[in-house]
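# Descriptive analysis of the structure
What follows is the residue order along each chain.
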Amino acid sequence: KTEFVWVNERGMVVLKELKGTSNPNDIGKDTMIADMVAYVKRKMPLDADMVHICMGLSGLGFSGCKEELANALRKIERVAFVDVCSDVQIALDSAYEKDGAIVIIGTGSVGYLRKNGEGALVGGCGYIIDSSLSGYDLGREVLNAVCSEKDGRGEKTLLSELVFAEKNTTIAELVKETYLYGKAYVASFAPFVFTAYEQGDKVAKEILAKCVKEWERLLMGVYKRFGEETCEITLIGGLTKRFDVLSQFLSAEITEKISFKLPEKPIVY
């Protein structure tokens, strides 16, 4: 998702809107830039003499189109100032004024920290390379469990019942749609693992344990880079809503070295 908020010079919100992905690695940089420019032109308040724009978007680092997007936005009439940066940068700024550490657990998973004014990324290599706790990872494990049960490779699991009741489809269609719609579609299956786990499903519990164990590698990476005896990490992203469940799978080593908090306000503000 991409969340937009327009505020006036007094800081009053005049418009809030939610759109689909803006990651140039998913939709292509030309499409992303065209979408962002068209959106700003379409939604810019008519009574604004000048507009300042800040965009913190995922995927800018690897796509190399940060300046291209910024320059395209600067050409829009009445746009007086543009700041384009990574989503992890605005996420960190939403949580800490100076030094601090965040971990995003949404469709993907990434850590970012700032120590003595210097920023450092941990993970963030994308869903093809990284394996951690994310909507994509959980969704892929759900699909794997459902397909494995169906053809005899895996155990019986409540996940199959939940998926087919919700999706009203077949294995063949699930596979076809997975490759047709990609990352976001796979991530849409993540909620099933929490529902099944809360109903005592063994396979769902194993999936959560596996993904949280991978996530601990990311958390320890942030902890080591921060370089202090203990570290506070602000968690951001859709999966934070189920931290009550996820925290049950964290090891004693993690809970001894790292404390967790949730942001006081949405990143976009």
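Rules of the game
- Residues numbered from 1 in each chain as written.
- Predicted model: local features only at pLDDT ≥ 70, side-chain atom pairs only at ≥ 80, totals over all residues.
- Heavy atoms only, no water.
- Helix = DSSP H or I, 4+ residues; strand = E, 2+ residues; numbered from the N terminus.
- Rg over C-alpha atoms; globule rule 2.2 N^0.38 Å.
- Contact = heavy atoms within 4.5 Å.
- Lys, Arg positive; Asp, Glu negative; His and termini not counted.
- Charge placed at Lys NZ, Arg CZ, Asp CG, Glu CD.
- Buried < 20%, exposed > 50% of the residue type's maximum accessible area, 1.4 Å probe, protein only.
- Polar contact = N/O pair within 3.5 Å; in protein donor to acceptor, adjacent residues only side chain to side chain.
- Axes fitted to C-alpha atoms, helices over the stretch in contact; angles between N-to-C directions.
- Parallel < 35°, antiparallel > 145°, perpendicular 65-115°, else oblique.
- Left-handed = near helix turned anticlockwise from the far one by under 90°.
- Nonpolar A, V, L, I, M, F, W, Y, C, P; charged D, E, K, R; others polar.
- Pairing = 2+ DSSP bridges.
- pLDDT = per-residue confidence, 0-100.

### So, the overall build of the chain
Helices and strands together make up the secondary structure of the chain, namely 13 helices and nine strands. On C-alpha atoms alone, the chain measures out to a radius of gyration of 20 Å, which is about the 18 Å that the 2.2 N^0.38 rule sets for 269 residues. For the chain, the spread of C-alpha atoms along the principal axes amounts to about 65 × 50 × 30 Å. Once local pairs closer than 6 in sequence are excluded, the contacts in the chain between residues at least 24 apart make up 65%. Looking at the chain, you have 34 positive and 39 negative side-chain charges, and the mean spots of the two groups are 2 Å apart.

### What to know about helix 7 (residues 158-167)
Along helix 7, the residues that are buried comprise Leu158, Leu159, Ser160, Leu162 and Val163. Tucked inside the fold, the buried residues of helix 7 contact helix 6 (135-150), helix 8 (171-181), helix 10 (190-198) and helix 11 (202-226). N-cap assignment for helix 7: the residue whose side-chain oxygen lies 3.1 Å from the backbone N of Leu159 is Thr157. Where helix 7 terminates, the next one or two residues include Asn168, which has phi positive at roughly 50 degrees.

### Describing the environment of Asp99
Structurally, Asp99 can be placed in the loop between helix 5 (87-95) and strand 5 (100-105). Once residues within four sequence positions are removed from consideration, Asp99 is found in contact with Arg114, Lys115, Asn116 and Gly117. At 2.9 Å, the side chain of Asp99 and the backbone nitrogen of Asn116 are in polar contact.

### Side note on the environment of Val163
Mapped onto the elements, Val163 comes out in helix 7. Residue classification places Val163 among the buried residues on the basis of a relative accessible area of 0%. For the pair formed by Val163 and Tyr39, sequence separation is 124 residues and the distance between their alpha carbons is 35 Å.

### Quick look at the packing of helix 10 against helix 11
Put simply, helix 10 and helix 11 touch, their axes get as near as 8 Å, and they point 125 degrees apart. Comparing the axis directions of helix 10 and helix 11 gives the class oblique. With respect to the hand of their crossing, helix 10 and helix 11 are arranged in left-handed fashion. Listed contacts from helix 11 to Val193, Phe194, Ala196 and Tyr197 of helix 10 are Ala204, Lys205, Ile207 and Leu208. The residue inventory of the contact of helix 10 with helix 11, partitioned by class, reads seven nonpolar, no polar and one charged.

### Comments concerning the sheet that holds strand 9 (residues 258-261)
Pairing is mixed across the open sheet formed by five strands, whose spatial order is 7-6-5-8-9. One side of each edge strand has no neighbouring strand; the edge strands of this open sheet are strand 7 (118-123) and strand 9. On average, each strand axis in the sheet is inclined to that of its neighbour by 25 degrees, with strand direction left out of account. Looking at chain direction, strand 5 and strand 6 (residues 109-115) are connected through six bridges and run antiparallel. Counted as the bridge partner of Ile102 is Tyr112 from strand 6. Strand contacts of helix 5: strand 5, strand 6, strand 7 and strand 8 (231-236), with the helix running at about 125 degrees to strand 5, the strand carrying the most contacts. Seen against the sheet, helix 11 touches strand 5, strand 6, strand 7, strand 8 and strand 9 and runs at an angle of roughly 10 degrees to strand 6.

### Some words on the confidence of the model for the chain
Per-residue pLDDT for the chain averages 93, and the proportion of residues at 70 or more is 100%. Helix 3 (residues 60-63) is the least confidently modelled element of the chain, averaging 78 in pLDDT, while helix 10 averages 98, the highest of any element.

### Observations concerning the packing of helix 2 (residues 29-43) against helix 4 (residues 66-74)
Contact geometry of helix 2 with helix 4 gives a least axis separation of 10 Å together with a crossing angle of 30 degrees. With respect to their mutual orientation, helix 2 and helix 4 come out roughly parallel. In this structure, the crossing between helix 2 and helix 4 has a hand that is right-handed. In this structure, helix 2 contributes Lys29, Asp30, Met32, Ile33, Met36, Val37 and Val40 to the contact, and helix 4 contributes Glu68, Leu69, Ala72 and Leu73. Split by residue class, the contact of helix 2 with helix 4 holds eight nonpolar, no polar and three charged.

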